[in-house]
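Read off the chains here:
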Amino acid sequence: MLRWFARMTLLGVLLLTIAVVGVWLRFGPELPDTEVLRDVQLQSPLTVYSSEGKVISVFGEKRRIPTPIDQFPEHLKQAFISSEDDRFYHHPGIDWQGITRAVLELIRTGEKGQGGSTITQQLARNFFLSSEKTYIRKIKEIMLALRIEREISKDEILELYLNKIFLGHRAYGVTAAAQVYYGKKPTELSIAQMAMIAGTVQRPSRVNPITNPAIARNRRNYVLNRMLELSHITDSEYQQAVAEPVSAFNHGTAIEVSAPYLAEMARRWALETYGDGIYESGLKLYTTINADKQRAAQESIRAGLLAYDQRHGWRGPEDHVDLAAEATADAWNDALAGKLPVAGLIPALVVDVDSELALLYLNDGQTIPLSLDSMSWAQPLLSRDSRGPVPEQVDTVLTRGDIVRIRRADEGNWLLSQIPEAQSALVSLETNTGEIQALVGGLDFQFSKFNRITQAKRQPGSSFKPFVYAAAIDSGYHPATVVNDAPVVFRGGGDIEAWKPQNFSRTFYGPTRLREAMVHSRNLISVRILEDIGIRPARNFISQFGFDQEALPENLSMALGSANLTPLNMVTGYAVLANGGYAVQPRWLTEVRDQMDHVVFLSPPVQLCDVCPVITEPEPLEQDLAPLTIQTQSSEVTGEQINTEQLNDEAPQLVDLDIQTQVEYGPPIPAYRPRVVAAPTAFLVRSMMTDVIRRGTGVKAMQLQRQDLAGKTGTTNDQRDAWFSGYNSDIATSVWVGFDNFQPLGRSELGGQAALPIWIDYMRVALTDSPDIQPPMPVGVAQIWVDQETGELTEPGATGAIRELVAANLLNDLRRRAKPVEDEQEQVNPYDIF
């Protein structure tokens, strides 16, 4: 019997060996190379960051935040090991005890059940195999697990597992799950929260703390019990953890800076540059957006539009439903279904109202009161220019069943509000580099995705005049040049009606110095200037400010701002004046990094230059780096995309430009910005625009108590557009207000009323770190005394004498007109300062 048993045992071992070898020969060649796990790039979303590295937006279905193993707390790792594979650090990749249990279950029930899958097997399945329950898949899974264990360390396996595993609600990996469920980093989780996340592994879509909190809690307690049994936690820690309530809710993506219009620009650029794979690429786009300035821009736009809206009265409820007398909270919730907050304005249902008070129900279950004081502004809108009487009773404004909007005041109390019909846009950039610091394309991106900064072409009105004045100064005018503010008629040929431009006040002021014309925005003087210097030369010159020459009208209406331009066009032109006359190309992107934090796009530094070097195309990289290509800049982003490759399914290796560029090319070649406007011209225009703020149409900006500001208001016919653009030496900002359908804003809604307050609120924050320093007078500008009536040169102390600035090359002509020169030696040196 013993000999027979020995022979059978040897035969069994032989047959088993033959079977194993056969299986290995059959399936081994089909198994993937596990070495690729070392270089695996986990699918992660595209993320857009501010200049400080704060998250602006995340694009992609899979929420994943790759995290090194040493950044996971021990209790977190122990929770997964206790739940999924308590012998993880002791088995060779497969757990024979677990397999035995699975085999016995198959014999007992005749069905393939779960069990026997170690963490290594789960990793193999997730990376290389399907999740179907077949014998062949299980065999491949075991073989792969054994191979993985031979070639990769236990800690590397656990790191890949904790970053790869799906944990419900689009969260892939533990760090993403911690953010989605608790809004925390892994190191901030409690033991109970760690166990809750570990407990979702088996059925993440159904057993998670959001979808099914009761079942998820039971699973959490099971994990905690296993941790206690394995001595990973103490009894007191266990008791505290099981008593902890389920606190999870969907935190979504942790957005730290609200800049959705810029984020969409970034997404489109990435899609055009790198293709459809961007949503799982893990690319990180770092932008020029400043978090504090962006927040100020958003708040300024909302405050400005709400103020405009309330100046014009109450339009009535947003919607109305018939509420039965016995209606309950369920009916109230149904009434508010689909109503989402817009720009911080919360939907509310009026459930009760009398003459003194209204009760409003919010979709979070709150019921709040509104008194007459909270709606004192709600005079009925009759037209853009007229309102009804001030309300004296609450029930004259609201009725039961009305759906309205409310907002919190700074003091914390609730106020009646409504979604503004008008829109606004603000863009602010650094004047030397063109880097966009803040960009708001409308009231609320979810409400309207139309980006008015780049897509809305509107007439800038008088805010365009500084460019006409710059062309005039470049042609020989100066701030004391006198132009006659008098009626003028331009007759058209044939059936074309004659054009009779008017000042806004419909008044004529006679001979007026150029500075005063700028300060008071005299339309007729702008038209006369343009007629004198010539439309074609003016268009050629003004295009140097960054405007497309084709967008500039080939007629005298250009003097009044009839070109159709975007706010980005306008702020670019103003930035040229602000930096002293150098070209500006707006840029919002500084660099792009891949999932491994290699730089794949680098925006070069900007250098202003009066004489710029000629740049030749750089030599291509060496042959062994052939997959990398040299790409020129896109139309939207200033700078070279150097050493970049397109992302594709094979995820080719990327070179870290921080090192590679230094090795191959040396320091990055700057993006040179040449001088496009003479320094004296830019300085003199700024001098006149400074007076616009000190005593002209922009005088409200003096509340900022700064001396370095220059700007110009703009209003178009019938007040369809209101503008204010202004700057100091560091920051240029343009604000537009209007209706998307070109309706008039109202008779009183000029640039100084509708747009300037938004600009002021924003610049109050944006200029916090910018010193109040006026630019030095450049070479080529002289200070003289002129007669305030004639603009001619005069003596200091003479009646009507005032100081003025002119281009120094005009001094001899001014002197000749004031006093004929008999001796050539008496000519004025162009650089004398009077």
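Above this note sits the structure.
As the structure is a prediction and not an experimental result, all values here were calculated from the model.

(A) Spatial organisation of the overall build of the chain. On a plain count of helices and strands, the chain comes out with 22 helices and 26 strands. Scored against the burial criterion, the 834 residues of the chain give a buried share of 51%. Within the chain, residue pairs in contact and separated by at least 24 positions form 69% of the contacts whose partners lie at least 6 positions apart. Roughly 38700 Å² of accessible area belongs to the chain as shown, and the carbon and sulfur atoms make up 51% of that amount.

(B) Main features of the state of the cysteines. Inspection of the entire model under this criterion finds 1 disulfide. A disulfide bridge connects Cys609 with Cys612, and the sulfur atoms are separated by 1.8 Å. Between Cys609 and Cys612, the disulfide has an S-S torsion of 90° and is therefore right-handed. According to the relative accessible area criterion, Cys612 is partly exposed, its value standing at 25%.

(C) Region of interest: the sheet that holds strand β3 (residues 284-287). The strand order across the open sheet built from 5 strands is β2-β1-β3-β16-β17, with neighbouring strands paired in mixed fashion. Two strands lie at the open edges of the sheet, namely β2 (55-59) and β17 (599-602), each paired on one side alone. Strand after strand, the sheet turns through a mean of 15° between neighbouring axes, direction not considered. Two elements, strand β16 (residues 589-593) and β17, share 3 bridges in a ladder whose sense is antiparallel. Considered in β17, the bridge of Val592 is made with Phe601.

(D) Representation of the packing of aromatic side chains. Applying the stated criterion across every chain, the model contains 20 aromatic pairs. Here the aromatic rings of Tyr49 and Tyr286 are separated by 4.9 Å at their centres, their planes lie at 15°, and the arrangement is stacked. Placement of Tyr49 in strand β1 (residues 46-49) and of Tyr286 in strand β3 is noted, with a sequence separation of 237 residues between them. The pair formed by Tyr49 and Tyr286 is uniform in burial state, with each residue classed as buried. Aromatic pair Phe88 and Tyr89: ring centres 4.9 Å apart, planes at 75°, arrangement edge-to-face. Among the residues examined, Tyr89 registers a relative accessible area of 41% and is labelled partly exposed. Each member of the aromatic cluster is reached from another via a ring pair, and the members are Phe464, Phe467, Phe541, Phe545, Phe547, Tyr574 and Tyr727. Its guanidinium or amino end placed over the ring of Tyr509, Arg522 lies 3.6 Å from that ring's centre, counting from NZ or CZ. Stacked on the ring of Tyr582, the Lys or Arg Arg675 has its end atom at 4.2 Å from the ring centre.

(E) Region of interest: the sheet that holds strand β24 (residues 731-738). Read across the sheet, 5 strands follow the order β13-β12-β24-β23-β22 without closing on themselves; strand pairing throughout is antiparallel. For this open sheet the edge positions go to β13 (436-440) and β22 (710-715), each flanked by a neighbour on one side alone. On average, each strand axis in the sheet is inclined to that of its neighbour by 5°, with strand direction left out of account. Relative to β24, strand β23 (residues 721-727) runs antiparallel, the two being bridged by 7 bridges. Paired with Phe724 across the two strands is Val735, which belongs to β24. The sheet strands contacting helix α12 (residues 291-311) are β12 (423-430), β13 and β24, and the helix crosses β13 at an angle near 30°.

(F) Structural context of the environment of Pro460. Tracing the backbone shows Pro460 in the loop between β13 and α14 (465-474). For Pro460 and Trp723, which are 263 residues apart along the polypeptide, the C-alpha to C-alpha distance reads 6.7 Å. Filtering out sequence-adjacent residues up to four positions away, Pro460 remains in contact with Gly561, Ala563, Leu565, Met570, Gly714, Thr715, Thr716 and Trp723.

(G) Spotlight on a nonpolar patch on the surface. Side chains of Met1, Trp4, Phe5, Met8, Leu11, Leu14 and Leu15 sit close together on the surface and give an oily, nonpolar patch of about 810 Å² of accessible area. By the secondary structure assignment, Leu11 is in helix α1 (residues 2-27). A relative accessible area of 40% means that Leu11 is categorised as partly exposed.

(H) Just helix α22 (residues 811-818), in detail. Turning to α22, its buried residues are Leu811, Asn812 and Leu814. The buried residues of α22 occupy an angular sector of 160° when the element is viewed end-on, so they sit on one face. Where α22 is buried, its residues meet β25 (781-787) and β26 (801-807).

(I) Structural view of unusual backbone geometry. Unlike most non-glycine residues, Ser521 shows phi in positive territory, near 55°. Turning to its location among the elements, Ser521 is positioned in the loop between α15 (514-519) and α16 (523-533). What makes Ser521 buried here is its relative accessible area of 13%. We note that Asp597 has phi near 70°; this positive angle belongs to a residue other than glycine.

(J) Representation of the pattern of salt bridges. Within the structure shown, the criterion is met by 34 salt bridges. Notably, a salt bridge pairs Arg695 with Glu516, separated by 2.6 Å at the nearest N-O pair. One end of the pair, Arg695, is in helix α20 (residues 679-695); the other, Glu516, is in helix α15, with 179 residues separating them in the sequence. Assessed through its relative accessible area of 39%, Arg695 is described here as partly exposed. The partner of Glu792 in a salt bridge is Arg817, with the nearest N and O atoms 3.3 Å apart. In this pair, Glu792 is assigned in the loop between β25 and β26 and Arg817 in helix α22, connecting sequence segments 25 residues apart. Because the salt bridges share partners, they merge into one network encompassing Arg513, Arg515, Glu516, Asp691, Arg695 and Glu804.

(K) Region of interest: the pairing of strand β7 (residues 367-371). Alternating residues of β7 divide into Ile368 and Leu370, all buried, and Thr367, Pro369 and Ser371, none buried. Relative to β7, strand β6 (residues 357-362) is paired through 5 bridges, and the arrangement is antiparallel. The residue bridging Ala358 from the neighbouring strand is Leu370, located in β7. Hairpin connection of β6 to β7: 4 residues between the antiparallel strands, including Gly365 at a positive phi of 95°.

(L) Quick peek at the pairing of β12. Among the 8 residues of β12, 7 are classified as buried, and the element is accordingly described as predominantly covered. Where β12 lies against β24, 8 bridges are found, and the strand directions are antiparallel. Pairing of Leu426 across the sheet is with Val735, part of β24. In this antiparallel pair of consecutive strands, β12 and β13, the connection spans 5 residues, and Gly434 shows a positive phi of 80°.

(M) Fine view of α14. Summarising burial for α14: 9 of the 10 residues are buried, a large majority. Taken residue by residue, α14 has Lys465, Pro466, Phe467, Val468, Tyr469, Ala470, Ala471, Ala472 and Ile473 as its buried positions. Elements that come into contact with the buried residues of α14 comprise α15, α16, α17 (535-542), α18 (567-578), α20 and β22. Two residues or fewer after α14 comes Gly476, characterised by a positive phi angle close to 115°.

The rules behind each value
Residues numbered from 1 in each chain as written. Predicted model: local features only at pLDDT ≥ 70, side-chain atom pairs only at ≥ 80, totals over all residues. Heavy atoms only, no water. Helix = DSSP H or I, 4+ residues; strand = E, 2+ residues; numbered from the N terminus. Buried < 20%, exposed > 50% of the residue type's maximum accessible area, 1.4 Å probe, protein only. Contact = heavy atoms within 4.5 Å. Areas by Shrake-Rupley, 256 points an atom, 1.4 Å probe, with all protein chains shown as cover. Disulfide = S-S within 2.5 Å. Pairing = 2+ DSSP bridges. Axes fitted to C-alpha atoms, helices over the stretch in contact; angles between N-to-C directions. Phe/Tyr/Trp six-rings, centres within 6.5 Å; stacked < 30°, edge-to-face > 60°. Lys NZ or Arg CZ within 6 Å of the ring centre and 35° of its normal. Patch = residues over 30% accessible without salt bridge, like charges linked within 9 Å, V, L, I, M, F, W, Y side chains within 5 Å. Salt bridge = Lys/Arg side-chain N within 4 Å of Asp/Glu carboxyl O. Arc of directions from axis to C-beta.

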